Amino acid sequence: MSGKVADLLWEMLANAGVKRCYGIVGDALNPVIDGLRRNGRIEFIHVRHEEYGVFAAVAEAYLTGNPVAVCGTAGPGVTHLFNGLMDARKEGAAIIAIAGDVETSLIDTEALEELNPYKFFEAASLYTGRLVNPDQARSVVNTAILTAVLEKGPTVISIPGDVASADVADRSAAITIPNPAVLRPSDADLSQLVKMIDDAKTVAIFGGDGCRDARDEVVELASRLKAPVGYSFRGKQWLEHDNPNAVGMTGLLGYGGAYGAIHEAELLLLLGTDFPFPEFLPGHSVKKVQIDKNPKHIGRRTQVDLGLVGDIKATVAALLGSVRDKTNDSFLRKQIAETNSFHDLLQHYVEKGPEIKPIRPEFLAATLNDLASDDAMFFADTGTACIWMARHITGSKNRRLFGSFTWASMANAAPNAFGAQLAYPGRQTIALTGDGGFTMLGLGDLLTQVERKSPVVQIILNNGSLDFVNIEQQEAGVIPFGVKFDNPDFAKVAEAMGAKGIRLEDPGDVRDGLAEALAHKDGPVVVDAVVDPFALSLPSHVPFHTAKGFTMSMAKQVWNGKMDDVIKTIERNVRLV
Ligand SMILES: Cc1ncc(C[n+]2csc(CCOP(=O)(O)OP(=O)(O)O)c2C)c(N)n1
């Protein structure tokens, strides 16, 4: 290794397991990028928008567990990273952002492209180090890497070009990343929990991403307690498949018996979840116990009767040795029956789908679910794609479902899928994108996928609107506004850009079109699916304000002469078709 700060930086990142750096070059970054080129161990992924690179990196980091680097040049290149870094923070992805900085002689002079990295990254970054002296390099890079990996989130190293190209005295690039410790609650807390479980006639479980490596333990606990298991979107992929006690999701995307299960149980166990919609969680009528390895999560979404700090795997394993099995399964059977009847309801537009034009998104998603491979990776844009993925894409041991579930940014799915495809070449990678989301960020970087011949399948829900907000506005009882726009034929656009384009307008073409897209291995595919913009989605449990909001919105639309839209919405959602 030659002896510049930039060399030490890349060598340490490579030693920490970083395989890729996504970003765009620029003059402030030149000495840094030159170091990356010299090093040769980390692949540089040139993207057309820095934010796209970060979303790709977030998916790579989340799925592989490895840290991933991103970079942007001083000022605007750096600000383009920001939304993606917020996503990394919320989704818990270990990202190290290399931010170009102005020369040290210009710091604090309001120089061209200067920004204060401490202030700017404060909301997103778990640690920000600014290298103003080569002697800081080893320590700052070490801290940035360890913080990102162990605290699972983004960190920033801000580097002025003159420091990057300066000689460094301490060249020790070895880096030691300790394995996380096993975290288990105290015996006294566990005994209290065992007593609460044994005393409760009925127990329900609601799990999140914290159950990622604890699936078997949670499923066994549920089986022994005859407890229905609901989950957040992040928990779905771990807790739904091969689990006879699974009862679906609650919240706006909700389906199945989850809402009833968690509201009607005597005791609710919240496992590894920071579920952000308190209005869908029960109040004081249900006793609640929350277990999470992050103590800050305890009780912040809803008041709990007992909070335990621990890994779900270790904690539930400890419980399994102590709790008494329950014998009465009538509560569980009731919630399963509820779940089954909701699944039947969901099947309506799936079964009718082949006859309904415009294409029903339920039918599109269910057909995709049917055709995709058992280890496919699915990514949903924030928007209605989340609803259809939550309800119609089933997980399996090897399938993965991911999105901007906690930050809820638009335009995440296509870049997420691109990053996943780079990490797992050849594995089926499917982005369900909104037309708003795809034109926000996915379109420009389709060129990146084309260049790399990445076989990413992006399925655009072409509904000519920001439909999720359209639904939200109706829920709130206001007249939909600012949500409609015109689209080109995305299949033709994709073809012009060098990708494969498939346009789906007729429901009869859906199955063959999707099968063709999934079979295409030579590069990216864009499926332009013209779907029903009037398809509504209501949660399995409709809160009073939501039902009232819809009625109000419909009434106001009638008064404002939008009778056509009202009729179409009603007609297309009350099974007249
Ligand atoms: C960057 C960003 N801007 C705005 C929003 C608010 N928002 C959430 S969903 C949504 C609509 C998404 O529309 P589209 O991508 O077309 O998907 P659809 O809901 O129509 O399926 C909007 C505007 C957001 N979450 N993120």
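First, a word on scope: everything that follows refers to the structure included in this document.

Thresholds applied
- Residues numbered from 1 in each chain as written.
- Predicted model: local features only at pLDDT ≥ 70, side-chain atom pairs only at ≥ 80, totals over all residues.
- Heavy atoms only, no water.
- Axes fitted to C-alpha atoms, helices over the stretch in contact; angles between N-to-C directions.
- Helix = DSSP H or I, 4+ residues; strand = E, 2+ residues; numbered from the N terminus.
- Parallel < 35°, antiparallel > 145°, perpendicular 65-115°, else oblique.
- Left-handed = near helix turned anticlockwise from the far one by under 90°.
- Contact = heavy atoms within 4.5 Å.
- Nonpolar A, V, L, I, M, F, W, Y, C, P; charged D, E, K, R; others polar.
- Near = heavy atom within 4 Å.
- Polar contact = N/O pair within 3.5 Å; in protein donor to acceptor, adjacent residues only side chain to side chain.
- Buried < 20%, exposed > 50% of the residue type's maximum accessible area, 1.4 Å probe, protein only.
- Pairing = 2+ DSSP bridges.
- Right-handed = clockwise from strand over helix to strand, strands pointing away.

The subject of this paragraph is the packing of helix H1 (residues 5-15) against helix H2 (residues 30-39). Their axes nearest at 8 Å, the elements H1 and H2 cross at an angle of 55°. Taken as axis vectors, H1 and H2 run oblique relative to one another. Judged by the twist between their axes, the crossing of H1 over H2 is right-handed. Across from Ala6, Asp7, Leu9, Trp10, Glu11 and Ala14 in H1, the residues of H2 making contact are Pro31, Val32, Gly35, Leu36, Arg38 and Asn39. Taken together, the residues of the contact of H1 with H2 sort by class into 7 nonpolar, 2 polar and 3 charged.

The next thing to look at is the site of the ligand. The full set close to the ligand counts 16 residues, and Thr384, Asp435, Gly436, Gly437 and Asp467 are the nearest of them. Within the contact set of the ligand, a nitrogen atom lies 2.9 Å away from a backbone nitrogen or oxygen of Ala408. Asp467 is positioned with one of its backbone polar atoms (N or O) 2.8 Å from an oxygen atom of the ligand. Where the shell around the ligand is concerned, the elements lending two or more residues are helix H18 (435-442) and helix H20 (467-475). Considered class by class, the residues forming the shell around the ligand number 5 nonpolar, 9 polar and 2 charged.

This next bit is on the environment of Tyr231. Assignment of secondary structure puts Tyr231 in strand E8 (residues 229-231). For the pair formed by Tyr231 and Val5, sequence separation is 226 residues and the distance between their alpha carbons is 46 Å. Other than its neighbours up to four places away in sequence, Tyr231 contacts Phe206, Gly207, Lys236, Leu239, Glu240, Ala246, Val247, Gly248, Met249, Thr250 and Tyr255. One polar contact links Tyr231 to Glu240, side chain to side chain, over a distance of 3.0 Å.

Along strand E18 (residues 525-530), 5 of the 6 residues are buried, which leaves the element largely enclosed by surrounding structure. Both strand E16 (residues 456-462) and E18 contribute to a ladder of 6 bridges, which runs parallel. Paired with Val457 across the strands is Val525, a residue of E18. In this structure, strand E17 (residues 500-504) lies alongside E18, joined through 5 bridges in parallel fashion. Within E18, the position partnered with Ile502 by the bridge is Val527. For the crossover from E17 across helix H22 (residues 510-519) to E18, the handedness is right-handed.

A separate point is unusual backbone geometry. Keep in mind that most residues, glycine aside, have a negative phi and that most peptide bonds are trans. With an omega of 0°, the peptide bond between Lys357 and Pro358 qualifies as cis. The residue Pro358 is located in the loop between helix H14 (330-352) and helix H15 (361-371) in this model. Even without being glycine, Asp108 reaches a positive phi, approximately 65°. Turning to its location among the elements, Asp108 is positioned in the loop between strand E4 (95-101) and helix H6 (117-120). A positive phi angle, close to 70°, is found at Ala411, a residue other than glycine. Here Ala411 lies in the loop between strand E14 (400-403) and helix H17 (413-423).

Within the open sheet, the 6 strands sit side by side as E9-E8-E7-E10-E11-E12. Their pairing is parallel. If you trace the sheet from one side to the other, it starts and ends with strand E9 (246-249) and strand E12 (306-309), each paired once. Adjacent strand axes in the sheet meet at a mean angle of 20°, parallel and antiparallel pairs treated alike. Relative to strand E11 (residues 287-292), strand E10 (residues 267-271) is paired through 5 bridges, and the arrangement is parallel. Pairing of Leu267 across the sheet is with Lys287, part of E11. Set on the sheet, helix H9 (residues 187-199) makes contact with strand E7 (203-207), E10, E11 and E12; between it and E12 the angle comes to about 135°.

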